[in-house]
Amino acid sequence: MKKVRFICTLLVAKMVLLATKIFRFTGSMISGKIAVMLQKDFVKYFTNVDFNKVIFVTGTNGKSTTTNLIAHTIEEAGKNVATNTEGANMMSGVASTLIKNSSLFGRFNKEFLILEIDERSLRNIYKVLPGKNLCISNLQKDQVQRNGDPDFIYKMFSDTINKDVTLFVNNEEPRSRALEDFAGKSIYFSMERNSKSFEKDDFYTVTLPCPKCNHKIEYEYYNIDNIGKFKCTNCDYESNDKPNVIITDIDYNEHTFKCGKDTYKVSYINPFYIYNYAVCIAVCKHFKIKFNDIQKGFSCFINPADRRETYKYKGKTIRYLRIKQENPETFQNALDTVARDNMDKAVFIGLYEIKDFPPAYTNTFYFFDCNFKGVVESNVEQFVSFSRTVCYDCANRMIYDGAPKDKLKIYNVEDDFDTIFETLDELETDNIYIITGMKPYKKIKAFFETKQ
Amino acid sequence: MSSEINLAWMYPDILNLHGERGNAQAFKHVADLLRIELNIDRIDDIEAKIDFEKYDILLFNCGELKVVPTMVKYLKPQLKKLKKYIKENKTIITTGTTSAFLGKKATRIDGKEIEGLGILDLEFKERELVIGDDIYFELDDGTEITGSQIQMVDVNINNEKPLGTVKYGYGNNGNEEEGCIKNNVIFTNCLGPVFVKNPWFAEKIIRQICELKGIEIQNNGELDYEIEKESLKATKEFIENKNNIIK
């Protein structure tokens, strides 16, 4: 009976999918949303899905890029791949992907199913689609309004992961790596210390509790904020000395790195990307995809999820970096990018109230998870904090890390970019950085493209 | 009597959820403005024996509920000294779910119970649904505090005295009570760097300690809180313009 209902639901969903194509509706998930509304466990009834070739990608940061990279590389290696590249990473998005890639009777018609999965959705999706491969990029603080603390997500993951699952985890990220205890097999990906690795010796530097014994975790060095070679100060939990995949000989100028004996050349390169390449290589090797095919995929990879853009405006170079709000790691990464540029510069930061879902609120916690000192000490002619309400807290954070008040402008305005960027004309420097969350992106892009 | 204030920043790496290292920085910042010597010691080792005689403030920032049993395990053998510390009207500041270590018990979603030290008559119950929202409350003397709370527990303070009265937000459990205060043991649900956003709260605590210890405050002028006051004003405006709250 349920199968009959599934076929009927699938037909409706396929018609919806066709209609969205004909009428060019945006929104990739409409068919999936309707299907899941009509039949809650709709995803469960697709046939010909090889669970050994279902790859879930989840984690706090890097899900979209990692999913796109793995799907692209496996496809370039000549395999048939279905994926939710549009970032539709909840149950309805998974349903939409299956609707698009199946026959009228629900027979899945691709070899691999590679899915970005929202952390909170993993448990429910796994119940109807028990894929055997799970990649976790990292598990950090993020969207605290819905995720609470990282342990909240950790518990959801540990409830889901079981001995049928092969886990691909970052060897240098303590929280997600601890999920090894629940998996049947763990494959560790890693990056050796390199020219962009760093140490922290500031009095106010903090790490995290050991996921296994709650004592302090110490880092020998960091490759990214909160990700690096670690060890617990109490138990024997530490980065594995012999990870399965380790990236070495990283040359950021030449865009090359080695993995084993193979040298890879890539278009995008920074520590975040290196970890994405590492997990991709780990997955590809697991599926016996050879170096030449992996390299072929890396060579022509274009990341639709890249969050950096450059504009020209009245002779000035505007470097626009977007972050996920309430996400300290992406914010710190943007700050580090600015700090690494020692040329004179102006820095505009626009972090907004959080309006992802009701109630909107003014959380500014994550400013203090990040360090601004590197930026403050990197020849900044002017600091600007803009946005409604939280601009003052952001400005204060910069002051706490040493930004001189007389170099700081605060604009308590929303989207009034003529006012916010009026100071650009007065600046001596031609080197401008803007950091914002996703919300004002389209308006800022339009502002500079119009002015251009 | 010492002319300086000593703050023990308790387990900074373990109690590190919401950028609350800013609270340690805020106490230093405000003390500098008052021209008072304030020293901060990090207590990194959760097994450490605490020198209660030395400290005037024990700062326990917000951590995950799962670390509370470990805290209780290592603080329990020091309970007698901790009680003496509290009796001497010395200050303890604790934020968010960490505060369960001071209470009687915390009940997790799966029904498992975490036993606290029983210093305060508090009971915590883990929530299925996280509440993330602004909070705006007033202390007894009218001091206004704004911030945000990520509420993963409901808190019943039984017969203890609330720290403040909620003007907007969820507080302890959706009633008008926010936090708890007993002697100078302060618990608040207002998370993150609450003392950065509300330096007048840190100042109030520092002034009390100075009075207790007979420390002369060098700067008796009005402190420069221009940006923080603008933040308070903007946050209150934002709160006034919204009418949504999850109970």
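Remember, predicted model here, so these are calculated numbers, not experimental data.

### Some thoughts on the overall build of chain B
1) Next: Looking only at helices and strands, chain B has six helices and 12 strands in total.
2) Next: Taken along the three principal axes of its C-alpha coordinates, chain B extends 50 × 50 × 30 Å.
3) Next: Relative to its 247 residues, chain B shows a buried fraction of 64%.
4) Next: For chain B, contacts bridging at least 24 residues in sequence account for 70% of all contacts bridging at least 6.
5) Next: When the accessible area of chain B is evaluated, it comes to approximately 9500 Å², of which 45% is carbon and sulfur surface.
6) Next: Treating the 33 positive side-chain charges of chain B as one cloud and the 42 negative ones as another, the clouds have centres 5 Å apart.

### Regarding the pattern of salt bridges
Residue and element names in this part refer to chain B.
1) Next: Within this structure, the stated rule accounts for 50 salt bridges over all chains.
2) Next: Across the salt bridge formed by K213 and D56, the nearest N and O atoms sit 3.0 Å from each other. With K213 in helix α5 (residues 199-213) and D56 in the loop between β2 (37-43) and β3 (57-60), the pair connects residues that are 157 residues apart, well separated along the chain.
3) Next: Residue class for K213 comes out buried when judged on its relative accessible area of 13%.
4) Next: For D56, a relative accessible area of 6% gives the class buried.

### Describing the domain arrangement of chain A
Residues and elements named next belong to chain A.
1) Next: Domains assigned within chain A are domain 1 (45-299) and domain 2 (308-451).
2) Next: Each of domain 1 and domain 2 has a C-alpha centre, and these two points are 29 Å apart.
3) Next: Between domain 1 and domain 2, the contact holds 17 residues from the first and 20 residues from the second.
4) Next: For the pair domain 1 and domain 2, the two sides together bury roughly 1500 Å², of which 43% comes from carbon and sulfur.
5) Next: As a salt-bridge pair, K373 and D202 come within 3.3 Å of each other at their nearest N and O atoms.
6) Next: In this structure, the connection of domain 1 to domain 2 is made through eight residue pairs in polar contact (both at pLDDT 80 or more).
7) Next: Counting residues per element, the side of domain 1 that touches domain 2 draws most heavily on helix α6 (residues 144-147), which supplies three residues.

### Observations concerning the interface of chain A and chain B
1) Next: Every contact between the two is made by 50 residues of chain A and, on the other side, 52 residues of chain B.
2) Next: In total, about 4600 Å² of surface goes out of reach between chain A and chain B, with carbon and sulfur atoms giving 57% of it.
3) Next: A per-residue breakdown of the area chain A buries against chain B is headed by Y204(A), F365(A) and Y400(A), which together make up 17% of the total.
4) Next: On the surface where chain A and chain B come into contact, there are five salt bridges.
5) Next: In this structure, the salt-bridge partner of D224(B) is K405(A), at a minimum N-O distance of 2.7 Å.
6) Next: Applying the counting rule to chain A against chain B returns 26 residue pairs in polar contact (both at pLDDT 80 or more).
7) Next: Going through the elements one at a time, α6, α7 (150-160) and α13 (391-400) of chain A are the ones with two or more residues in the side of chain A that touches chain B.

### Remarks on the sheet that holds strand β4 (residues 91-95) of chain B
All names here are of chain B.
1) Next: On the basis of which strands lie adjacent, the open sheet formed by six strands has the order β2-β1-β3-β4-β12-β11 and mixed pairing. Of all the strands in the sheet, the pair left with one neighbour each is β2 and β11 (180-182). Strand after strand, the sheet turns through a mean of 15° between neighbouring axes, direction not considered.
2) Next: Examined bridge by bridge, β11 and strand β12 (residues 185-188) share three bridges and lie antiparallel to one another. Bridging from a neighbouring strand, K182 pairs with V185 of β12.
3) Next: Sitting on the sheet, helix α3 (residues 79-87) is in contact with β3, β4 and β12, with an inclination near 105° to β4.

### Structural notes on the pairing of strand β5 (residues 166-170) of chain A
Residues and elements named next belong to chain A.
1) Next: β5 sits mainly inside the fold: five of its five residues count as buried.
2) Next: Side chains of β5 alternate between two faces, with T166, F168 and N170 and L167 and V169 buried alike.
3) Next: Where strand β4 (residues 133-136) meets β5, four bridges bridge the pair, whose relative direction is parallel. What sits directly across from N133, in β5, is T166.
4) Next: Direction of pairing for β5 relative to strand β6 (residues 185-191): parallel, over a ladder of five bridges. Bridged to N170 within β6 is F189.

### What about unusual backbone geometry?
All names here are of chain A.
1) Next: For the bond from P358 to P359, the omega torsion is -5°, close enough to zero to count as cis.
2) Next: Positive phi, normally seen in glycine, also occurs at D249, with a value near 50°.
3) Next: With respect to the helices and strands, the residue D249 is situated in strand β9 (residues 245-251).

### With respect to the pairing of strand β8 (residues 144-156) of chain B
All names here are of chain B.
1) Next: The element β8 is extensively covered by neighbouring structure, given that 10 of its 13 residues are classed as buried.
2) Next: Here strand β7 (residues 123-139) runs beside β8; their pairing, made up of 12 bridges, is antiparallel. Along β8, the bridge assignment pairs Y136 with T146.
3) Next: Connecting β7 to the antiparallel partner β8 that follows it, the hairpin turn spans four residues, and G142 within it adopts a positive phi of roughly 90°.

### Here's the deal with the sheet that holds strand β1 (residues 54-58) of chain A
All names here are of chain A.
1) Next: Strand order in the open sheet made by the nine strands is β2-β3-β1-β4-β5-β6-β9-β10-β11, with mixed pairing throughout. Whereas interior strands pair on both sides, the edge strands pair on one side only; in this sheet they are β2 (81-83) and β11 (262-265). This sheet shows a mean twist of 20° between the axes of neighbouring strands, independent of strand direction.
2) Next: Along the sheet face, helix α4 (residues 91-100) touches β2 and β3 (112-116) and points at about 155° away from the line of β3.
3) Next: Packing of helix α10 (residues 291-299) onto the sheet brings it into contact with β10 (256-259) and β11, and relative to β11 it is tilted by some 15°.

### Some words on the side chain of D133(B)
1) Next: Structurally, D133(B) is set in strand β7.
2) Next: There is a polar contact of 2.8 Å between the side chain of D133(B) and the side chain of Y168(B).

### Digging into the packing of aromatic side chains
How two aromatic rings sit relative to each other is given by the distance of their centres and the angle of their planes.
1) Next: Scanning the entire structure with this criterion turns up 46 aromatic pairs over all chains.
2) Next: Consider the rings of F421(A) and F447(A), whose centres lie 5.5 Å apart with planes at 40°: the pair is tilted. One end of the pair, F421(A), is in the loop between α14 (417-420) and β17 (431-436); the other, F447(A), is in helix α15 (residues 441-451), with 26 residues separating them in the sequence. You'll find F421(A) and F447(A) in the same group, each marked buried.
3) Next: Consider the rings of Y11(B) and F60(B), whose centres lie 6.1 Å apart with planes at 65°: the pair is edge-to-face. With a gap of 49 residues between them, Y11(B) in the loop between β1 (4-10) and α1 (21-34) and F60(B) in strand β3 connect regions that are remote in the sequence.
4) Next: Looking at Y11(B), the relative accessible area reads 0%, which means it is buried.

The rules we used
Residues numbered from 1 in each chain as written. Chains lettered and ligands numbered in written order. Predicted model: local features only at pLDDT ≥ 70, side-chain atom pairs only at ≥ 80, totals over all residues. Heavy atoms only, no water. Helix = DSSP H or I, 4+ residues; strand = E, 2+ residues; numbered from the N terminus. Buried < 20%, exposed > 50% of the residue type's maximum accessible area, 1.4 Å probe, protein only. Contact = heavy atoms within 4.5 Å. Areas by Shrake-Rupley, 256 points an atom, 1.4 Å probe, with all protein chains shown as cover. Lys, Arg positive; Asp, Glu negative; His and termini not counted. Charge placed at Lys NZ, Arg CZ, Asp CG, Glu CD. Salt bridge = Lys/Arg side-chain N within 4 Å of Asp/Glu carboxyl O. Domains from an automatic or database assignment. Buried area = accessible area lost by both parts, 1.4 Å probe. Polar contact = N/O pair within 3.5 Å; in protein donor to acceptor, adjacent residues only side chain to side chain. Pairing = 2+ DSSP bridges. Axes fitted to C-alpha atoms, helices over the stretch in contact; angles between N-to-C directions. Phe/Tyr/Trp six-rings, centres within 6.5 Å; stacked < 30°, edge-to-face > 60°.

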